[in-house]
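The residues making up each chain are set out below.
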Amino acid sequence: MTITNKWSLESWKDKEIRQQATYPDGNALNKAVNKLTNMPPLVTSWEIYKLKKKLAEVQMGKRFLIQGGDCAESFSDCSSPIISNRLKVLLQMSLVLIHGLKMPIVRLGRFAGQYAKPRSSDIETKDGVSLASYRGDLVNQIAFDEKSRVPNPARMLVGHSSSAMTLNFVRALIDGGFADIRHPEYWNLAWIEHSGQSTEYQDMMKKISESIEFAEILAGRRLGNLSRVDFYSSHEALHLHYEQALTREVPRQEGWFNLGTHFPWIGLRTNQLDGAHVELLRGINNPIGIKVGKETSKEHLIGLCQTLNPSNEAGKITLIHRFGANNIEENLPRMIKSLQEEGIGAVWCCDPMHGNTESTSNGYKTRRFENIKKEVELAMEIHKSENSNLGGVHLELTGENVTECLGGARELNEKDLERAYLTQVDPRLNYEQSLEMAMAIVSKYNS
Ligand code: PEP
Ligand code: CO
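Everything numeric in this text was worked out from a predicted model, so none of it was measured. (Residues numbered from 1 in each chain as written. Chains lettered and ligands numbered in written order. Predicted model: local features only at pLDDT ≥ 70, side-chain atom pairs only at ≥ 80, totals over all residues. Heavy atoms only, no water.)

Q: So what exactly am I meant to see when it comes to the layout of surface pockets here?
A: By volume, the largest pocket is sized at about 620 Å³. Looking at the largest pocket, it is lined by 30 residues, and the ones nearest its centre are P118, R119, K365, V425 and D426. Elements represented by at least two residues in the lining of the largest pocket include exactly β3 (123–126) and β13 (365–367). Per-class residue counts for the lining of the largest pocket are nine nonpolar, eight polar and 13 charged. (1 Å grid on protein atoms, 1.4 Å probe; cavity = no way out; pocket = protein on both sides within 12 Å on 5 of 7 lines; lining within 4 Å. Points joined across faces, edges and corners; volume = space filled by probe spheres on them. Helix = DSSP H or I, 4+ residues; strand = E, 2+ residues; numbered from the N terminus. Nonpolar A, V, L, I, M, F, W, Y, C, P; charged D, E, K, R; others polar.)

Q: So what exactly am I meant to see when it comes to the site of ligand 1 here?
A: As a structural note, the neighbourhood of ligand 1 is formed by C71, R110, K117, P118, W265, G267, L268, R269, K291, R322, H354 and E396. Take R322: an N or O atom from its side chain is 2.7 Å from an oxygen atom of ligand 1. Contact between ligand 1 and H354: an oxygen atom at 2.9 Å from a side-chain N or O atom of the residue. Within the complex, 97% of the 290 Å² of free accessible area of ligand 1 lies under protein. When atoms are counted within 2 Å of each cavity's grid points, the one that captures over half of ligand 1 is the largest pocket. Classifying every residue of the shell around ligand 1 by side-chain character gives four nonpolar, two polar and six charged. (Near = heavy atom within 4 Å. Polar contact = N/O pair within 3.5 Å; in protein donor to acceptor, adjacent residues only side chain to side chain. Areas by Shrake-Rupley, 256 points an atom, 1.4 Å probe, with all protein chains shown as cover. Sits in = over half its atoms within 2 Å of the grid points.)

Q: Explain the coordination of the cobalt ion (ligand 2) to me, please; I cannot follow it from the model alone.
A: Working reference: metal with six octahedral donors, ideal angles 90 or 180 degrees; metal with four tetrahedral donors, ideal angle 109.5 degrees. Protein-derived ligands of the cobalt ion (ligand 2) are C71 (SG), H354 (NE2), E396 (OE) and D426 (OD), with the metal-ligand distances lying across 2.1 to 2.4 Å. In the primary structure, the donors to the cobalt ion (ligand 2) are separated according to the pattern C-x282-H-x41-E-x29-D. One end of the pair, C71, is in the loop between β1 (64–69) and α3 (80–101); the other, H354, is in the loop between β11 (347–350) and β12 (357–359), and 283 residues separate them in sequence. Each member of the pair, C71 as well as H354, is classed as buried. (Donors = N, O, S within 2.8 Å, 3.2 Å for Na, K, Ca; no water. Buried < 20%, exposed > 50% of the residue type's maximum accessible area, 1.4 Å probe, protein only.)

Q: Can you help me understand the sheet that holds strand β14 (residues 390–396) in this one?
A: Hydrogen bonding along the main chain pairs the strands of a sheet, whether they run parallel or antiparallel. The strand order β1-β2-β5-β8-β9-β10-β11-β14 describes a closed barrel built from eight strands, whose pairing is parallel. Strand-to-strand twist in this sheet, taken as the mean axis angle between neighbours without regard to direction, amounts to 25°. Inspection of the sheet shows β1 paired to β14 by five bridges, in the parallel sense. From the neighbouring strand, I66 faces β14, where its bridge partner is V393. (Pairing = 2+ DSSP bridges. Axes fitted to C-alpha atoms, helices over the stretch in contact; angles between N-to-C directions.)

Q: Any chance you could explain the pattern of salt bridges here in plain terms?
A: Where charged atoms from two side chains of opposite charge come close, those side chains can pair. Evaluation of the coordinates by the stated rule reveals 28 salt bridges. The partner of K54 in a salt bridge is D230, with the nearest N and O atoms 2.3 Å apart. Placement of the pair is K54 in helix α2 (residues 45–59) and D230 in the loop between α7 (198–219) and β5 (232–236), with a sequence separation of 176 residues. Judged by relative accessible area, which is 12%, K54 ranks as buried. You can call D230 buried: its relative accessible area is 19%. Here K337 and E386 are joined by a salt bridge, their closest N and O atoms 3.6 Å apart. Taken as a pair, K337 in helix α11 (residues 328–342) and E386 in the loop between α12 (369–385) and β14 lie far apart in primary sequence, 49 residues in all. Taking the relative accessible area as the measure of exposure, E386 reaches 18% and is therefore buried. Counted as one network, the salt bridges with shared partners bring together D70, E73, R86, E404 and R428. (Salt bridge = Lys/Arg side-chain N within 4 Å of Asp/Glu carboxyl O.)

So, to be careful, I would describe these as geometric facts and stop short of saying anything about function.
Next comes the structure, spelled out in structure tokens:
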């Protein structure tokens, strides 16, 4: 089944709208949406097209995609160290991947707008008290009291400005040479000094420096362009009032663009073919991510691709598969075959986080590093054996020294989780575990 009715900016409102907050004051909501509609956009149409072109190269196996960042950004984390540390870990991981995979990378941050969260229940109950669930800083506050949990539309404006500040800082750092490969000390994290894998990383840096030096001697000049890397933003397009307000037409371009992010994605809980989220996103020119899992049938998968990408344009759709290490072998091959049979193209990206969540005996929501790694490794094996291509990975990570996921080189255990468990929603890889994951991908790729 594909959707063929006429699209308009508000046609999503005629569909079933899942995972939305109920605002107590409709007028206040309309006022906030109107205000947001007149705010400057966060990204431009030409950046969006540039990303789509790079994703087309990922689809062809010529580039690798790394998409990473917080499960849920918070307004209070819109600060210099959090933003720059997240950038550092993504830069280090991409360097490991470029060096190990011998391919250019597309860096897609789960940031500058990742402020809305789907929830399994509308209500959260603690000690006999039931309140509206926290739906992300874009909607309400996490504190467990009645006032904090009331959805407040003014938070959308704070979300927009926090996204703008985050992107502005990232752009300024990159433009200022922060990512210059000749100066890795700008973006090394403390990890380098004390991690078990630091020697491997230092050796790699040394080799890269020597190669650059060698190439510069051969060329007889300094190589340009080494300080410039591209960073793109992405978030789950969940809050449809917010997404609609940032969906715009621009001069001298055909069609509509979501100018609130380069790459919006549709979450697993809102990917219904006849739902409001698919409806709003089918009208835009951005490349789009779609989360799919073990519950996604062949008809659903094909319907999503045909509805969101009727012309089968390369780079338009990224299928972010999240099965869990125990379910990927049963489900990924059938999905790959379904698309191959229909001649449909897409970028395949493995999210090894969301199918591997579990709870510990001391009440923490966590993920085991070994399961995350196993799912990525299985994804690589399965794509290879099905004559397909794993284009990238989607990770929840942070540049901070948190203890949220179990395992990794430091063998974090359940007790360690008590030390620095800071996430507001899902457990993230810390910077060491993130680097270790990048190295694991390289080692599997070259095995
Ligand atoms: C997420 O990416 O944080 C998320 C909620 O994922 P999914 O839609 O795959 O469950
Ligand atoms: Co998450």
